[in-house]
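# Coordinates in review
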Amino acid sequence: MRIFQLFLVFISFFGPLIAQNEPLTSNFLFTDGLYTNFSEFSSNKPSILIDPSKLKYDLIGEENVLILKPESEAMLDSLVSGTPWGICIGQVPYIRTDDKQDNRLYYVKLHVVGKLSYFYYKAFREKEVTMFVHNPYTGERIGKKSITNRDLVFIQRLLHFQTGETIDFNYDNLKAWTTDDKGLSKSLDEMKPEEREGKLFKTLLIYNDRNPVYAK
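Residues numbered from 1 in each chain as written. Predicted model: local features only at pLDDT ≥ 70, side-chain atom pairs only at ≥ 80, totals over all residues. Heavy atoms only, no water.

## A few points about the side chain of N44
Position of N44 relative to the elements: it lies in the loop between α2 (38-42) and β2 (57-60). The class for N44 is buried, based on a relative accessible area of 14%. Residues contacting N44, with those up to four places away along its chain left out, are F28, L29, F30, T31 and Y35. (Helix = DSSP H or I, 4+ residues; strand = E, 2+ residues; numbered from the N terminus. Buried < 20%, exposed > 50% of the residue type's maximum accessible area, 1.4 Å probe, protein only. Contact = heavy atoms within 4.5 Å.)

## A short note on helix α6 (residues 193-210)
Here α6 spans 24 Å end to end across 18 residues, near enough to the 26 Å set by a 1.5 Å rise per residue. At K199, α6 shows its maximal bend, which comes to roughly 55°. Those residues of α6 that sit buried are L200, T203, L204, Y207 and N208. (Expected span 1.5 Å × (residues − 1). Bend = angle between axes of the 7 residues up to and from the residue.)

## Some remarks on the pattern of salt bridges
Across all of its chains, the model carries 9 salt bridges by this definition. When the shortest N-O distance is used, the salt bridge between D181 and R210 registers 2.7 Å. Linking D181 in the loop between α4 (171-177) and α5 (182-190) with R210 in helix α6, this pair joins segments that are 29 residues apart in sequence. Given the relative accessible area of 7%, D181 is considered buried. With its nearest N and O atoms 2.5 Å apart, the salt bridge here joins E190 to K186. (Salt bridge = Lys/Arg side-chain N within 4 Å of Asp/Glu carboxyl O.)

## A short note on unusual backbone geometry
The residue E63 is not glycine, and still its phi comes out positive at about 60°. Among the secondary structure elements, E63 is positioned in the loop between β2 and β3 (65-68). The exposed category is assigned to E63, whose relative accessible area is 54%. Of note in the backbone geometry, N103 takes a positive phi value of approximately 70° without being a glycine.

## Details of the nonpolar core
Of all hydrophobic cores here, the largest spans 23 residues; its most connected members are L24, F30, F41, Y121 and L159. Taken together, the elements giving at least two residues each to this core come down to α2, β3, β6 (104-109), β7 (116-134) and β8 (141-160). The leading source of residues in this core is β7, at 3 residues. Among the nonpolar cores identified, the runner-up in size contains 16 residues, and Y118, L158, M191 and L204 belong to it. (Core = buried A, V, L, I, M, F, W, Y, C linked by side-chain atoms within 4.5 Å.)

## What about the packing of aromatic side chains?
Scanning the model with the defined rule gives 12 aromatic pairs in all. Plain terms: the ring middles of F28 and F30 are 4.8 Å apart, the flat faces sit at 65° to each other, and that makes the pair edge-to-face. Grouping residues by exposure puts F28 and F30 together as buried. Feature note: the residues F28, F30, Y35, F38, F41, W85 and F161 constitute an aromatic cluster, connected by ring pairs. Its end group placed over the ring of Y171, R196 keeps NZ or CZ at 3.6 Å from the ring centre. (Phe/Tyr/Trp six-rings, centres within 6.5 Å; stacked < 30°, edge-to-face > 60°. Lys NZ or Arg CZ within 6 Å of the ring centre and 35° of its normal.)

Following this line, the structure appears as structure tokens:
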């Protein structure tokens, strides 16, 4: 009994310290709640704790986009002023984006968690297209007009876990954010353009493995 009591004391005192020293990976269990800013998220301390069972939401795409039901969105709005940074449900983190469906915000799952975290989703983007008007008899161009199309595009983003900055996931941006790893930078420099699409994601994973980051 005495040994068991000492074990409980050890866990209660050192357990949180052990958790803090665990590197952040895609298997890291974040605290369920509403994160009002990046600082709360990077320290894994949401300012508003929530019971996921009381939230209603839809998972769309490949179940990596979470959209709160209107009643749940209204409930969270009553708890925080301003727009949340992100949300964690079932210990899975979702980052807020500026995209919406029926005026409801997209929260996108962090597919890769590490020093350079990665998330992706599909959303509609408006694109202006120029249409030319031709004479139906001669085929001569007689005018033009601009129309706006809505295209469904594939979006890939990186989140820097030390600054909170987000940028598009592409070769140039990954190269700029991995200059602190000279070996990896050299590999990126030597990567042929036709190899980039197939190797870029794997390079991101290698970088995170070699450059662990921890909750603040």
